[in-house]
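Given next are the chains, with one letter for each unit.
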Amino acid sequence: MRANRRGIKEMDIILGRYAGARLEHLDAPTLDLLDALLSENDQDLYQWVTGQSAPPGRFAPLVEDIAQVACAGK
């Protein structure tokens, strides 16, 4: 639910698409990391996912996966 009800529509689409594709297959540590990521500011998240700025190191692998799944359609 939190992935689909963001502050900006772009992140609703990106995170909702990612959750639909990956959520049921994520392990507990990755789910915890995703939960922490969802607490971040939408404008920051959008810049990270679209490659406009680098995410914090702990989020980098997850953000890369989100970008591949939600933005590149993989």
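Up top is the structure.
Please read these numbers as outputs of a predicted model, since none were measured by experiment.

Observations regarding the overall build of the chain
Move 1: Of regular secondary structure, the chain possesses four helices and zero strands.
Move 2: In the chain, the succession of α and β elements from N to C terminus is α-α-α-α.
Move 3: The 74 residues of the chain split such that 34% are buried.
Move 4: Contacts in the chain between residues far apart in sequence, at least 24 positions, make up 54% of those at least 6 positions apart.
Move 5: Counting only carbon and sulfur atoms, one obtains 49% of the accessible surface of the chain, whose full area is about 4,500 Å².

Re the packing of helix 2 (residues 28–37) against helix 4 (residues 60–71)
Move 1: Interhelical geometry of helix 2 versus helix 4 gives an angle of 85 degrees and a closest axis separation of 10 Å. The orientation of helix 2 with respect to helix 4, classified from their angle, is roughly perpendicular. Judged by residue contacts, T30, L33, L34 and L37 of helix 2 engage L62, V63 and I66 from helix 4.
Move 2: Split by residue class, the contact of helix 2 with helix 4 holds six nonpolar, one polar and no charged.

Considering the pattern of salt bridges
Move 1: Inspection of every chain in the model, using the stated rule, returns one salt bridge.
Move 2: Close ionic contact of D65 with R22 constitutes a salt bridge, the shortest N to O distance being 2.9 Å. Taken together, the residues span a long stretch of sequence, with D65 in helix 4 and R22 in helix 1 (residues 9–22) at a distance of 43 residues.
Move 3: A residue is classified by how much of its surface remains accessible, and R22, at 29% relative accessible area, is partly exposed.

Reading the values: the criteria
- Residues numbered from 1 in each chain as written.
- Predicted model: local features only at pLDDT ≥ 70, side-chain atom pairs only at ≥ 80, totals over all residues.
- Heavy atoms only, no water.
- Helix = DSSP H or I, 4+ residues; strand = E, 2+ residues; numbered from the N terminus.
- Buried < 20%, exposed > 50% of the residue type's maximum accessible area, 1.4 Å probe, protein only.
- Contact = heavy atoms within 4.5 Å.
- Areas by Shrake-Rupley, 256 points an atom, 1.4 Å probe, with all protein chains shown as cover.
- Axes fitted to C-alpha atoms, helices over the stretch in contact; angles between N-to-C directions.
- Parallel < 35°, antiparallel > 145°, perpendicular 65-115°, else oblique.
- Nonpolar A, V, L, I, M, F, W, Y, C, P; charged D, E, K, R; others polar.
- Salt bridge = Lys/Arg side-chain N within 4 Å of Asp/Glu carboxyl O.

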